[in-house]
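Next come the chains, spelled out residue by residue.
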Amino acid sequence: MAGEEDRGDGEPVSLVTVRVQYLEDTDPFACANFPEPRRAPTCTLDGALPLGAQIPALHRLLGAPLKLEDCALQVSPSGYYLDPELSLEEQREMLEGFFEEISKGRKPTLILRTQLSVRVNAILEKLYGSSGPELRRSLFSLKQIFQEDKDLVPEFVHSEGLSCLIRVGAAADHNYQSYILRALGQLMLFVDGMLGVVAHTETVQWLYTLCASLSRLVVKTALKLLLVFVEYSESNAPLFIRAVNSVASTTGAPPWANLVSILEEKNGADPELLVYTVTLINKTLGALPDQDSFYDVTDALEQQGMEALVQRHLSKAGTDVDLRAQLVLYENALRLEDGDLEEAVTGGRRTTRRKPSSEEGKRSRRSLEVRSPEPGSTGPASPVVSTSTTSPVLLTSPTSSPVGPAPPPSPASSPVGPASGLHSTLSLFPTISVAPSSDSSCERSVYKLHQTAPVWAPESPPVPQVPTGEARLEARFLENVAAAETEKQAALAQGRAETLAGAMPDDMDGRPAPDGPALPTKRKTVKLFWRELKLAGVRGGSGSRFGPSPTLWASLEPVSVDTARLEHLFESRAKDVLPSKKAGEGRRTMTTVLDPKRSNAINIGLTTLPPVHVIKAALLNFDEFAVSKDGIEKLLTMMPTEEERQKIEEAQLANPDIPLGPAENFLMTLASIGGLAARLQLWAFKLDYDSMEREIAEPLFDLKVGMEQLVQNATFRCILATLLAVGNFLNGSQSSGFELSYLEKVSEVKDTVRRQPLLHHLCALVLQARPDSSDLYSEIPALARCAKVDFEQLTENLGQLERRSRAAEDSLRSLAKHELAPALRARLTHFLAHCTRRVAMLRIVHRRVCNRFHAFLLYLGYTAEAAREVRIMQFCHTLREFALEYRTCRDRVLQQQQKRATYRERNKTRGRMITETEKFSGVAGETPSKPSVPVAVSSGLGEGDADSHATMKSLLASKPEDATHGRRSRGMVQSSSPVMPTAVGPSTVPLEEPPGSSLPSDTSDEIMDLLVQSVTKSSPRALAARERKRSRGNRKSLRRTLKSGLGEDLVQALGLSKGPGLEV
């Protein structure tokens, strides 16, 4: 960035003198209205440095009690927030008024305050984290916060503020909901807030839900907001219908039930509510583009008795004039759509509406289906087998028997197959109760052993059923118990046998004892200390996915072994072991002749190598799977020398009975292999060849492709042409080109005004000339990879590859006199011949690519002498670094352009109210102008917005009696007291007003009343004069269909025909 560049070159720098103040707004709900200090100090800003680098100095100058990382600069009085990542010069387009004051010799004012995002997050945290009176005060002051700072509205919408309001309002009472609706109304008065509500469907759904509230004030405010929402744009009507249908599907109530309940006056009569409700329905119907959508809404209303409600209000004496007009409008619109009302009656032009994209010619499902009562929450439960203390059932045995003393355990009487100790175990575990459950938590109930009921009952025969998870758990538990008992019995039997065998006298010579048969004696043998698997009772089980048997062990066939031989071989000879001191004296030492360091290095290397005999076999057969490439390299460093071999042989001859040490044995094994060095070198070359060839071929291929990419790149050509034009102008010359080595210095040249590098202006010019140009770096990846390759070292590697190839051929010839399998010799001969051809081809490719690069430099304008001095790596590195810098600078230029476009787009709606749009433009003329003072200095408008500021002042200064004169007949109190118009009416109670609050004259509520008044006072003739495209079956309304039946055309379209006994 410019702020990080060297400023000591003496070039002129643009300086701007401004006044600075700070505004303590860390807590948005306790924000000061006026910035401090009152006498603003002056300071000088660098117009070329990013503002983020200058904010710390302003913070120290003012001593502001704000967090430095949360600070932002705001221009007063326009309220524009400066971008801290850009300099003042880079934001000149957005600061025309700011620089105009500077040109007049004035000192504009900058306000140091908290960033918008930080303040919005503080608001959301306060709303989410507070409750009770604190939440009440926060919600009540939220509307004023939006009034004071118009830039807070889009940031609040962008930060999911609407979701916060809905979440807080859903769990609050009607007083809190009223405050939230006031704040939401203030948001919707701004175009940014209205667009946010349009994009947030949940807000519209919540407003419709509030229409069923018991508080008339909440219902009235929600209806007003919905009226303004639908009237703002015709595309909002389908959004409102989708919101109504979504709420209906969630709650199970009929669509539009909340509005119908208002018309039924279940909570008392209120003419204003009735007028707003019918107007909302008419406005929604009037904006629908197709006939099916129109009939979907009207049929849903007719199913809930809309016709009777309309007739009741029309026949009632003293019905409000506006209500009567809206009801007549609804009736006329329905008759007009059915064709019962002539076009001339409406007196308006009928515009064609499009057909629905699907379901053409069909009636709405909502109007044809008969609503059925919701199914109950209970239903037939799935059968569950359970055990308890009152009805115990045996869970593992297929038979049942009465409870009695258990017989002694035997394999034949076991009820679980091979488990022989079940009956004796039943006395230890009298009851196993498993409570059935549909989840995996049933395991916890297997071990409930506190119940005392018998394990099985004779009166309840078992019912065959599919084994469940519970049954498997019970079976596994009982099998484990049976296996444990079997092991216990076997251990007892073996212990008795060993005790009897030990008690026999030694002089019996195998004769049978007089008291019984002779027991087979078994010598003590070496034990295998494995971990025995508990597999009792699974041999007769079902198969698994791996085979017909449940386990691998169950599928094994019995094997007979020579037990006598095993007994002889593995007889335990613990008594024959000599005492420890004699064993130490008789221990034989190993023959070691190597140096300790050499021996230690070999022993360490052996830890990562296969056994010695495996190494020898692998070397003889060139087995790549036995010894890896790293192993071969390690073996090359561990090869025995002739001196070491002679020493080991002499020591072995001197002490033939003493074994060699591990290192000596390893060296002698290697020495016994014929042509060891040749084998290892040949094998190493065979393993290294692919990687060595790839390290040479890939950079050469990248260089070839990179030259083609650079020549064919349109962005690179445009960059060179633009830079050449700029340089010719600055130098006052007519050069035809320049060496590409100058690309390294493009980012070092800076302009003398904004201190921007030449590369920045180059990017801007290229983007202006070719908007479709790329970032260059992504289109030359091959050259970027070549910048990391030393091509001089690559040439040396190619020569080394040729030398190693010839050495490998010599090694193969030297191995010919040693024992070598014919197939292996043929394979190695073919491999070396293939390598020789490929190395020769690599040499040709290398020469041709280097010649092509030399020709490429000549094509770029280099002289022959200069081209010979250019190193490939340096050339590619220069292009790579330039492409990287160009991409970074291009992204920054695009970001600035995007910010300017965003600013221009944002400035179209910044602080703009919906009364300034064409839809509500007539409202501004109804309010008398009255001078008013802005609430905060930072929220006012600049001099360039004088017209819109005057319009805003006239809107915000309208008097209550002017704004509400059309509602006096419906209970509005004629008073000039500073009370919200929406809170005044026959349904207003003192508890819904904040206690002890003295509000200023809140003109935003008056503006909302004027908007609603303009909607309700709209001409019925203009709303009804719209024709919708009829569906294929010439669909009619539900009311007309029920009264007149189906028409002939619809009967034919539905495939029905009148026959005997069939009445359509």
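Refer to the preceding data block for the structure.
Residues numbered from 1 in each chain as written. Predicted model: local features only at pLDDT ≥ 70, side-chain atom pairs only at ≥ 80, totals over all residues. Heavy atoms only, no water.

1. A short note on the nonpolar core
Move 1: Counting 97 residues, the largest nonpolar core has Leu127, Leu223, Phe229, Phe240, Trp256, Leu259 and Ile914 as its most contacted members.
Move 2: With 11 residues, helix H10 (residues 216-232) is the single largest residue contributor to this core.
Move 3: Once residues within four sequence positions are removed from consideration, Leu223 is found in contact with Cys211, Leu259, Ile262, Leu273, Tyr276, Thr277 and Leu280.
Move 4: If you look at the next biggest cluster of nonpolar residues, it comprises 85 residues, including Leu703, Met707, Ile719 and Leu798. (Core = buried A, V, L, I, M, F, W, Y, C linked by side-chain atoms within 4.5 Å. Buried < 20%, exposed > 50% of the residue type's maximum accessible area, 1.4 Å probe, protein only. Helix = DSSP H or I, 4+ residues; strand = E, 2+ residues; numbered from the N terminus. Contact = heavy atoms within 4.5 Å.)

2. Structural notes on a nonpolar patch on the surface
Move 1: On the surface, a nonpolar cluster with roughly 570 Å² of combined accessible area is contributed by Val526, Val559, Val561, Leu566, Leu569 and Phe570.
Move 2: Along the chain, Val559 turns up in the loop between helix H20 (469-503) and helix H21 (563-569). (Patch = residues over 30% accessible without salt bridge, like charges linked within 9 Å, V, L, I, M, F, W, Y side chains within 5 Å. Areas by Shrake-Rupley, 256 points an atom, 1.4 Å probe, with all protein chains shown as cover. Salt bridge = Lys/Arg side-chain N within 4 Å of Asp/Glu carboxyl O.)

3. A closer look at the side chain of Arg119
Move 1: Residue position: Arg119 is located in helix H3 (residues 116-129).
Move 2: On the accessibility criterion, Arg119 (5% relative accessible area) is buried.
Move 3: Not counting residues up to four positions away in its chain, the partners in contact with Arg119 are Asp25, Pro28, Tyr81, Arg113, Thr114, Asp149 and Leu152.

4. Topic: the packing of aromatic side chains
Move 1: Inspection of the entire model under this criterion finds 13 aromatic pairs.
Move 2: With a centroid separation of 5.0 Å and an interplanar angle of 65°, the aromatic rings of Phe146 and Phe156 are classed as edge-to-face. Residue Phe146 is found in helix H4 (residues 132-148), and its partner Phe156 is found in helix H5 (residues 152-158); the two are separated by 10 residues along the sequence.
Move 3: What makes Phe156 buried here is its relative accessible area of 0%.
Move 4: Taken together, a centroid distance of 5.4 Å and an interplanar angle of 80° make the contact between Phe240 and Trp256 edge-to-face. Highlighted residues: Phe240 in helix H11 (residues 236-251) and Trp256 in the loop between H11 and helix H12 (257-263), separated in sequence by 16 residues. One exposure class covers both Phe240 and Trp256, and it is buried.
Move 5: Site record: aromatic cluster; members linked through ring pairs are Tyr208, Phe240 and Trp256. (Phe/Tyr/Trp six-rings, centres within 6.5 Å; stacked < 30°, edge-to-face > 60°.)

5. Regarding the sheet that holds strand E2 (residues 42-46)
Move 1: Pairing is mixed across the open sheet formed by 4 strands, whose spatial order is E2-E1-E4-E3. Bordering the open sheet on either side are E2 and strand E3 (71-76), each of which pairs with just one other strand. Neighbour-to-neighbour, the strand axes of this sheet turn through a mean angle of 45°, independent of strand direction.
Move 2: Sheet analysis places strand E1 (residues 15-22) next to E2, joined by 5 bridges and oriented antiparallel. Its bridge partner lying in E2, Arg19 is registered against Thr42. (Pairing = 2+ DSSP bridges. Axes fitted to C-alpha atoms, helices over the stretch in contact; angles between N-to-C directions.)

6. Considering the packing of helix H26 (residues 642-654) against helix H27 (residues 662-671)
Move 1: Two elements in contact, H26 and H27, have axes whose closest approach is 10 Å; the angle formed by their N-to-C orientations is 115°. Classified by the angle their axes make, H26 and H27 are roughly perpendicular. Like other packed secondary-structure pairs, H26 and H27 cross with a definite hand, here left-handed. Each of Glu644, Arg645, Ile648 and Glu649 in H26 lies in contact with H27, whose residues at this interface are Glu664, Leu667, Met668 and Ala671.
Move 2: Considered class by class, the residues forming the contact of H26 with H27 number 4 nonpolar, no polar and 4 charged. (Parallel < 35°, antiparallel > 145°, perpendicular 65-115°, else oblique. Left-handed = near helix turned anticlockwise from the far one by under 90°. Nonpolar A, V, L, I, M, F, W, Y, C, P; charged D, E, K, R; others polar.)

7. Overview of H11
Move 1: Taking 1.5 Å of rise per residue, the 16 residues of H11 would be expected to cover 22 Å, and the 23 Å separating its terminal C-alpha atoms lies within 8% of that figure.
Move 2: Among all positions of H11, only Asn236, Ala237, Leu239, Phe240, Ile241, Ala243, Val244, Val247 and Ala248 are buried.
Move 3: Those residues of H11 that are buried lie in contact with helix H8 (191-199), helix H9 (201-210), H10, helix H13 (271-286) and helix H14 (291-303).
Move 4: In the stretch just after H11, Gly252 is the one whose phi turns positive, near 85°. (Expected span 1.5 Å × (residues − 1).)

8. Side note on the environment of Ala170
Move 1: The topology assignment puts Ala170 in helix H6 (residues 161-170).
Move 2: Residue Ala170 is classed as exposed on the basis of its relative accessible area, which comes to 58%.

9. Notes on the environment of Leu812
Move 1: Looking at the element boundaries, Leu812 is found in helix H32 (residues 791-815).
Move 2: Remark: the alpha-carbon pair of Leu812 and Ala678, spanning 134 residues in sequence, is separated by 7.3 Å.
Move 3: Once you skip the residues sitting within four places of it in the chain, Leu812 turns out to touch Leu682, Leu820, Leu828, Thr829 and Leu832.

10. Considering the pairing of strand E4 (residues 109-114)
Move 1: A large share of E4 lies buried, amounting to 6 of its 6 residues.
Move 2: One ladder, built from 4 bridges, connects E1 with E4; its direction is parallel. The partner of Val20 across the bridge, within E4, is Leu110.
Move 3: The pairing of E3 with E4 spans 6 bridges and is antiparallel. Bridged to Leu73 within E4 is Leu112.

11. Some points on the state of the cysteines
Disulfides are covalent bonds that link the sulfur atoms of two cysteine residues.
Move 1: One pass over the full model with this rule turns up 0 disulfides.
Move 2: Cysteine Cys876 remains unbridged, with the sulfur of Cys786 as its closest cysteine sulfur at 4.8 Å.
Move 3: Overall, Cys876 belongs to the buried group, its relative accessible area being 0%. (Disulfide = S-S within 2.5 Å.)

Purely geometric stuff here, so don't read any function into it on its own.
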